[in-house]
Amino acid sequence: MAEKKDNVVFWKDQGPDDIIYKSPDDDLRTITSVTVPEHAVALFIRDGQLQGVLEPGRHVVTSANIPWLTALYNKALGFRDTPFKVWIVFISLKIFNGKWGIRSMIKAAKDYEVPLTLMANGDFQFRISDVPVFYTQVLGGMRSYSTGDINSFMRSFINEQIIQQLTNMCYMDLMGGLETASSSTKILIDPYFQQRGIELLSLKINEAATTEEEKNKVFEYLQFSSKNGEAFKRYEVMDRMAD
């Protein structure tokens, strides 16, 4: 957590999975410096507006080296009797791991458009790549700033994007190539993450399945409609591999 020591605000005991932390020290007049750890930045936010971003290192609030911070501090000095509230929010720029999982509907096959239940899950990696964009597009709409909030957003957002892409496929095609589907899905959803200041580094579909009842429907369809039963044989192999 970040704590104040000799009027210095810094991120103390930062854990490997910590993405964000909001300092409890929010009166700029009482802060002399801010220390930003490696692979992180510190955002200064006042009245919901991003005032500036500090890079790693120790920054003296009264220094003239950072014009926007100097202007902000000089403005704070005019508030003699009331606190000059500024949120200092640390954001880690490291790579983070996440998990996703969806349940939706998908067409069985190109020539068998019966809807099936799709249950899929996997892993992904991401990092925050554009801090100002991330603030305006993601953080600005949050009521509080915590790693739990960011992880909740990421799970919800990636699930939504994956559903939109996988449900445009057919169940048979998906089961026949999870690796290919992983790669193509990442390429298709990556721009949506970039628009929010996030870099999607990897995406993997670990499992994809349907219910036993619907699985039997696919078996029956392939048995009786496939020429020489070749598609049925391929499906049997894929199903055994999935199990």
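What counts and what doesn't
- Residues numbered from 1 in each chain as written.
- Predicted model: local features only at pLDDT ≥ 70, side-chain atom pairs only at ≥ 80, totals over all residues.
- Heavy atoms only, no water.
- Helix = DSSP H or I, 4+ residues; strand = E, 2+ residues; numbered from the N terminus.
- Buried < 20%, exposed > 50% of the residue type's maximum accessible area, 1.4 Å probe, protein only.
- Contact = heavy atoms within 4.5 Å.
- Areas by Shrake-Rupley, 256 points an atom, 1.4 Å probe, with all protein chains shown as cover.
- Expected span 1.5 Å × (residues − 1).
- Bend = angle between axes of the 7 residues up to and from the residue.
- Pairing = 2+ DSSP bridges.
- Axes fitted to C-alpha atoms, helices over the stretch in contact; angles between N-to-C directions.
- Phe/Tyr/Trp six-rings, centres within 6.5 Å; stacked < 30°, edge-to-face > 60°.

## Points about the overall build of the protein chain
Along the backbone of the protein chain there are 7 helices and 11 strands. Expressed as a percentage of its 243 residues, the buried residues of the protein chain come to 43%. Long-range contacts, defined as pairs at least 24 residues apart, comprise 68% of the intrachain contacts of the protein chain with a sequence gap of at least 6. Only carbon and sulfur atoms are counted for the fraction: they give 49% of the accessible area of the protein chain, which is about 13000 Å².

## Here we look at helix 5 (residues 178-194)
Taking 1.5 Å of rise per residue, 17 residues should cover 24 Å, and helix 5 covers 24 Å from first to last C-alpha, within 8% of that figure. Along helix 5, the helix axis deviates most sharply at Leu 188, where the bend reaches about 35°; the proline Pro 191 sits within four residues downstream. By the burial criterion, the buried members of helix 5 are Ala 181, Ser 182, Thr 185, Ile 189, Asp 190 and Phe 193. Check the buried side of helix 5 and you find it contacts helix 3 (147-166), helix 4 (171-175) and strand 11 (198-209).

## Points about the sheet that holds strand 10 (residues 112-128)
Ordered by their spatial adjacency, 3 strands build an open sheet running 9-10-11, and the pairing between neighbours is antiparallel. Of all the strands in the sheet, just strand 9 (96-109) and strand 11 have a single pairing partner and so form its edges. Going from strand to strand, the sheet's axes swing by 25° on average, the running direction of each strand aside. With 10 bridges connecting them, strand 10 and strand 11 associate as antiparallel partners. Within the sheet, the bridge partner assigned to Phe 124 lies in strand 11 and is Leu 203. Across the sheet, helix 3 lies against strand 9, strand 10 and strand 11, angled at about 30° from strand 9, the strand it touches most.

## Focus on the sheet that holds strand 3 (residues 20-22)
Read across the sheet, 4 strands follow the order 3-8-5-6 without closing on themselves; strand pairing throughout is antiparallel. Looking at the sheet topology across the chains shown, the edges are occupied by strand 3 and strand 6 (49-54). Strand-to-strand twist in this sheet, taken as the mean axis angle between neighbours without regard to direction, amounts to 25°. Where strand 5 (residues 40-46) meets strand 6, 5 bridges bridge the pair, whose relative direction is antiparallel. Paired with Ile 45 across the strands is Leu 50, a residue of strand 6.

## Some points on the packing of aromatic side chains
This model, assessed by the stated rule, comprises 8 aromatic pairs. With 5.0 Å between their ring centres and 65° between their planes, Phe 79 and Phe 84 make a pair best called edge-to-face. Exposure remark for Phe 79: the relative accessible area of 27% places this residue in the partly exposed category. Judged by relative accessible area, Phe 84 falls into the buried class, the value being 0%. Three or more aromatic residues link up through ring pairs in this structure, and these residues are Phe 96, Phe 124 and Phe 126.

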